[in-house]
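# Structural features, examined
Residues per chain are reported as follows:
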Amino acid sequence: MTVSKNINNPVGQGGGKRKKQSRAERQNHGPHRNLDRQGAADQKAELVRKMREKAAEAAGQAGDDTAKS
């Protein structure tokens, strides 16, 4: 065990309390990330749907204006 130079800095003390992480978890690709990505995909799909609706409405209104004149 490494001996620290300062009593307030106990190097090597309390080892083994942290969970051993897999390589994927250390790279922030753990199971929680999949949920985050799914939520982001849902938000993006909703945004795209709204944008398409607005574009369809705008195209419909523009078509109506040209048909009347």
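First, a word on scope: everything that follows refers to the structure included in this document. Throughout this description, residue numbers start from 1 for each chain and increase along the sequence as written. Reporting of local features is limited, given that this is a predicted model, to residues whose pLDDT is at least 70; pairs of side-chain atoms are given and counted only at 80 or more, and all residues count toward the totals for whole chains, interfaces and linings. Remark: hydrogens and water are excluded; side-chain values derive from all non-hydrogen atoms of the structure.

Turning to the overall build of the chain, a few remarks are in order. Helix numbers and strand numbers start at the N terminus; a helix is a DSSP run of H or I with at least 4 residues, a strand a run of E with at least 2. Looking only at helices and strands, the chain features two helices and zero strands. Only protein chains enter the accessibility calculation, which uses a 1.4 Å probe; a residue whose area is less than 20% of its type maximum is buried, one above 50% is exposed, and one in between is partly exposed. Among the 69 residues that make up the chain, the fraction classed as buried is 1%. When the accessible surface of the chain is split by element, carbon and sulfur atoms take 52% of a total near 6700 Å². Here, Shrake-Rupley sampling with a 1.4 Å probe gives the accessible areas, and only protein chains in the shown set may cover a residue.

Salt bridges are defined by distance alone: a side-chain nitrogen of Lys or Arg within 4 Å of a carboxyl oxygen of Asp or Glu. Counted by the stated rule, this structure contains two salt bridges. Note that glutamate 53 is salt-bridged to arginine 49, the shortest N-O span being 2.6 Å. With glutamate 53 and arginine 49 both in helix 2 (residues 31–68) and four residues apart, this pair spans about one turn of that helix. If you follow the salt bridges from partner to partner, you end up with Glu46, Arg49 and Glu53 in one network.

Right, let's get into the environment of arginine 49. Arginine 49 gets classed as partly exposed once you look at its relative accessible area, which sits at 38%. Here a polar contact is recorded for every N or O atom pair within 3.5 Å, except that within protein the pair must consist of a potential hydrogen donor and a potential acceptor, and residues adjacent in sequence are included only if both atoms are side-chain atoms. Side chain to side chain, arginine 49 and glutamate 46 meet in a polar contact 2.4 Å long.

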